[in-house]
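# Fold and geometry: a report
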Amino acid sequence: MSPWVLDLFTAGGRNLLRHKLRSALTLLGVFFGVAAVITMLGIGEGAQRSVLQEISGLGLNNILIDSVQPDASQLPDSQRNTTGRRRGMRILEYGVTDTDVEQLRSACPEAEIRVAHRVKASAYAYGERLDADVLGVPPDYFTLFDSKLIEGRWLHPFDSLHFRSVALIPESLTASIRHPRDGGHPHVKIGTYAFEVVGIQRTMAPRGNRTIYIPFETAEQVFGTSSVKREAGSMEFTRTQIGQVVLHCEDEQELKRTAAVVKRTMERNHPIVDYALTVPVEILEARQRTQRILNLVLLVIAGISLLVGGIGIMNIMLAVVTERIPEIGIRRAIGATERDILFQFLAETITLSTLGGVLGCLAGMILVPLTEIWTGWNGVITPSSVIVSLAVSWVVGVFFGLAPAVRASKLDPVDALRHG
Amino acid sequence: MIRLEQVTKQYDMGGGLTVLHALNLDIGDNDYLGILGPSGSGKSTLLHILGLLDRPSAGRYLLHGRDTGALDDSERSRLRGRMIGFIFQSFHLLSSLSVQENVELPLHYQRVGKAEREQRAREALQSVSLSHRLHHRPNQLSGGERQRTAIARALVTRPDLILADEPTGNLDQKTGQEILEVFDELHQAGKAIVLITHDPAVARRIPRIYHIVDGHLHEAPP
């Protein structure tokens, strides 16, 4: 910075300090505006990252098809099979079938496909029912997701080969399964069968934090594909061949192509929608679109508060120019050019707005973590948001300071001197 | 150094008000001249034109042979800052600055470095016997001291011409005499001075006197 510019801002700062209260009130607008911008950008960025983390956990190159029991009213009579001596008994077959998987394998040869078996039995630990799904999965199921082993081991191909009763539990169930009375290996009961817990993991697979994983072959062997639900006066048999299919593609182009094939195949094979198709990348795009709109709205609000702050500065600076007309005359008489006067007033406005901006940034840095605590939203302050906010406050100073500064510089020196 | 040729100043106020009528004036390098006239006679307007704060409506103003009418605002301001020192009746010091800072101010507009500014301001204040008041504010000074500060501010740029507008008008007689003695010293040091006054007692000390009446300038006989 040249000595002249330094002098200019030093003098500007001193002039502002002469009227501390007025200066403080003037910079409040920019202070609140910048604090709002930092907070909005911080919360927006935090939300963006949360969405990205959540969805990319599902595997951005994955396509998931889950079997879903359709509402009974949607089913045709043929599907509501009431037979035998016991009226009210029905067999409901729904969800993804082996045929679907065969067709998908041949239609999408480049995609890796994993098939999981959804066990309909409930899980218990020490007599207490666990709020958890049970999924029979192949050993390589976790390679498709963002998964991490916390303790123990993954499911092994030998577990499937030997139909072992072993389970991998999510981190969230650790407290329920590790009981003080338990001296040996922890166990979990699924239906009426005991499963040894061999590992604790954290995964971003769908509902992964509430899912107990057991070997696929064990699940099929022990629990089969059917389940019975008994209600007063009726029994409902349900049969699902496949609980979940995951297709993994190499790249985005392949993913889009595969997603289209999957949609076509499933729509053709399932006139009644008894499956849920999830394409994480599509969800991500939709959420990002929503987030962008939200960010824009938030920024417009912050922008309005900055605009109000800027107008406040301009208003005060116009009054200051009027108040200091004699001073302007004196300065012109001793050699100040129009530009010198212009820069003098502009320096004061920029000093005000930049100071407001810096204080606003600091306030934003405090507000973002506080908002996190109060609301549970994620907030992230990036260097770029700080730079943008400071730049904006500087631009506000230049933009709104220009009119008063030009007015000061264009004053006729003789009139200004007479004003005193 | 200065030549005014047929300088006229008119204001567009309801049909035009002529304040100065085709003035001709020559000011040499070491001239000390006084301009006397009643209020509203055009004294201050003439001083503002001489100080490049105002422009004549007609005629030519030559400074060191250069026609100032062709100069833009920046050039006029720079020339004013470098060659002309103003001294006003009401001192026109900036109350927010110290005595030394007030004197440094013209040098700031000439982009003189801080160390040199301080050095030259101290020298200028020493020449008007105010070395002991460097860090005082103008409102802590007497009228005479304020005018001395204004003189120091006018001298700090080492100007060729000093323009003084009723410099003793706000001072008591004794202090006024002291200030006029400072002007005598400046004249002896080779500065050109134009002093505006309506006080005949002040005018008696000035070697060359002009009367201005209704915008017409007449040189008084020596």
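### Things to note about the overall build of chain B
Along the backbone of chain B there are 7 helices and 10 strands. Based on the C-alpha atoms only, the size of chain B along its principal axes is roughly 50 × 40 × 35 Å. Relative to its full complement of 222 residues, chain B shows a buried share of 55%. Within chain B, contacts between residues at least 6 apart in sequence are counted, and of these 69% link residues at least 24 apart. Taking the average place of the 26 positive charges on the side chains of chain B and the average place of its 27 negative ones, the gap between the two points comes to 5 Å.

### Quick look at the layout of surface pockets
Computed from the structure, the largest pocket encloses a volume of approximately 550 Å³. Residue lining of the largest pocket: 23 residues in total, with A:D7, A:A11, A:R14, B:L97 and B:E101 positioned closest to the centre. Every element with two or more residues in the lining of the largest pocket is listed here: α1 (3–18) of chain A together with α3 (99–108) and α4 (114–127) of chain B. It is α1(A) that contributes the most residues to the lining of the largest pocket, 7 residues altogether. Residue composition of the lining of the largest pocket, by class: 5 nonpolar, 8 polar and 10 charged.

### Structural notes on the pattern of salt bridges
All names here are of chain A. All told, the structure shown has 33 salt bridges over all chains when counted by the stated rule. Between R22 and E323 there is a salt bridge, with the nearest N and O atoms lying 3.0 Å from each other. In this pair, R22 sits in helix α2 (residues 20–57) while E323 sits in helix α8 (residues 280–323), placing the two residues 301 residues apart along the sequence. Its relative accessible area of 43% is what places E323 among the partly exposed residues.

### Focus: a negative patch on the surface
Residues and elements named next belong to chain A. Residues D98, E102, E217 and E220 make up a contiguous surface patch of negative charge. Looking at the negative patch, the elements that each hand over two or more residues are α3 (98–107) and α6 (216–223). Inspection of the secondary structure assignment puts E217 in helix α6.

About the thresholds
Position numbers for residues start from 1 in each chain and track the written sequence from start to end. Chain A is the first chain written and ligand 1 is the first ligand written, with later ones labelled in order. Where local features are concerned, this predicted model is filtered to residues with pLDDT of at least 70; where side-chain atom pairs are given and counted, the filter is 80 or more; whole-chain, interface and lining totals use all residues. Each side-chain value is derived from all of the structure's non-hydrogen atoms; neither hydrogens nor water enter the calculation. For the purposes of this entry, the term helix denotes a DSSP run of H or I that reaches at least four residues, the term strand denotes a run of E that reaches at least two, and both are numbered from the N terminus. Each residue is placed in one exposure class: buried if its accessible area under a 1.4 Å probe, protein chains only, is under 20% of its type's maximum, exposed if it is over 50%, and partly exposed if it falls in between. Every residue pair with non-hydrogen atoms within 4.5 Å of one another is taken to be in contact. In this charge count, Lys and Arg are treated as positive and Asp and Glu as negative; neither His nor the chain ends contribute. To locate a charge, the coordinates of NZ of Lys, CZ of Arg, CG of Asp or CD of Glu are taken. The rule is simple: put a 1 Å grid over the protein atoms alone, call a set of points where a 1.4 Å probe fits but cannot get out a cavity, call an open set with protein on both sides within 12 Å along at least five of seven lines a pocket, and count a residue as lining if it has an atom within 4 Å of a point. Grid points are joined across faces, edges and corners, and a volume is the space filled by probe spheres set on the points. In the scheme used here, Gly and all other residues not listed as nonpolar or charged are polar, with Ala, Val, Leu, Ile, Met, Phe, Trp, Tyr, Cys and Pro taken as nonpolar and Asp, Glu, Lys and Arg as charged. Think of a salt bridge as a Lys or Arg side-chain nitrogen and an Asp or Glu carboxyl oxygen that are within 4 Å of each other. Only residues whose relative accessible area exceeds 30% and that form no salt bridge enter a patch; like-charged residues are grouped when within 9 Å of one another, and nonpolar side chains (Val, Leu, Ile, Met, Phe, Trp, Tyr) when within 5 Å. Surface accessibility follows the Shrake-Rupley procedure with a 1.4 Å probe radius. Residue values consider only the protein chains on display as shielding.

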